[in-house]
Amino acid sequence: MADMREAGLDLDPKYDASGLITACVTDAASGALLMVAHMNEEALRLTTQTGEVHFWSRSRASLWKKGESSGNVLKLVELRIDCDQDAVWVIASPAGPTCHTGAPSCFYRRVAADGSLERIA
Ligand SMILES: N=c1c2ncn([C@@H]3O[C@H](COP(=O)(O)OP(=O)(O)OP(=O)(O)O)[C@@H](O)[C@H]3O)c2ncn1[C@@H]1O[C@H](COP(=O)(O)O)[C@@H](O)[C@H]1O
């Protein structure tokens, strides 16, 4: 029997034991991967309802609108969910650098074959 989460057209996120799904955020203009974080049910609802991207911060144990203190909000352009509905792909327009270090993306270092890091942005 087909898994309705995979075959159906109903949004039915598969939250983990902590009530979270993974959220990958890419830049709508460049396609670059900006950050990876987590959403709970409320963060997902607020993201779709307000058009501004919200997460659940595990370290702060609180709901987090990205940019609430820095101003570097992420405007939602499109939201996709993966095959088994345990991860979302957030396509967004960033108002400024996404990473709290000031880098455009949190992925500003490349890992070389010898394990060393190379700064690329
Ligand atoms: N702004 C960011 C920020 N932007 C992107 N990220 C990425 O988001 C991920 C998840 O952040 P969390 O702090 O919620 O981390 P977590 O849920 O505990 O998960 P991990 O740290 O284990 O990944 C981080 O691992 C970073 O890669 C950020 N992580 C933290 N911040 C902090 O969030 C606060 C608010 O920032 P603004 O939302 O921009 O105002 C500031 O104190 C910032 O230092």
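Residues numbered from 1 in each chain as written. Predicted model: local features only at pLDDT ≥ 70, side-chain atom pairs only at ≥ 80, totals over all residues. Heavy atoms only, no water.

An unreviewed UniProt entry annotates the protein chain as Histidine biosynthesis bifunctional protein HisIE originating from Blastomonas natatoria.

(A) A look at the site of the ligand. The local shell around the ligand holds 17 residues, among which Arg58, Trp64, Gly67, Ser69 and Ser70 are the closest. In this structure, an oxygen atom belonging to the ligand sits 2.7 Å away from a main-chain N or O atom of Ser59. One nitrogen or oxygen atom from the side chain of Ser69 is found 2.6 Å from an oxygen atom belonging to the ligand. Top element by residues in the shell around the ligand is strand β2 (residues 33-39). It accounts for three residues. Its residues assigned to classes, the shell around the ligand shows five nonpolar, seven polar and five charged. (Near = heavy atom within 4 Å. Polar contact = N/O pair within 3.5 Å; in protein donor to acceptor, adjacent residues only side chain to side chain. Helix = DSSP H or I, 4+ residues; strand = E, 2+ residues; numbered from the N terminus. Nonpolar A, V, L, I, M, F, W, Y, C, P; charged D, E, K, R; others polar.)

(B) Structural context of the state of the cysteines. One pass over the structure, following the stated rule, counts zero disulfides. Free cysteine Cys24: the closest other cysteine sulfur is in Cys106, separated by 12 Å. The thiol of Cys83 is not disulfide-bonded; the next cysteine sulfur, from Cys24, is found 12 Å away. Residue Cys83 is classed as exposed on the basis of its relative accessible area of 54%. (Disulfide = S-S within 2.5 Å. Buried < 20%, exposed > 50% of the residue type's maximum accessible area, 1.4 Å probe, protein only.)

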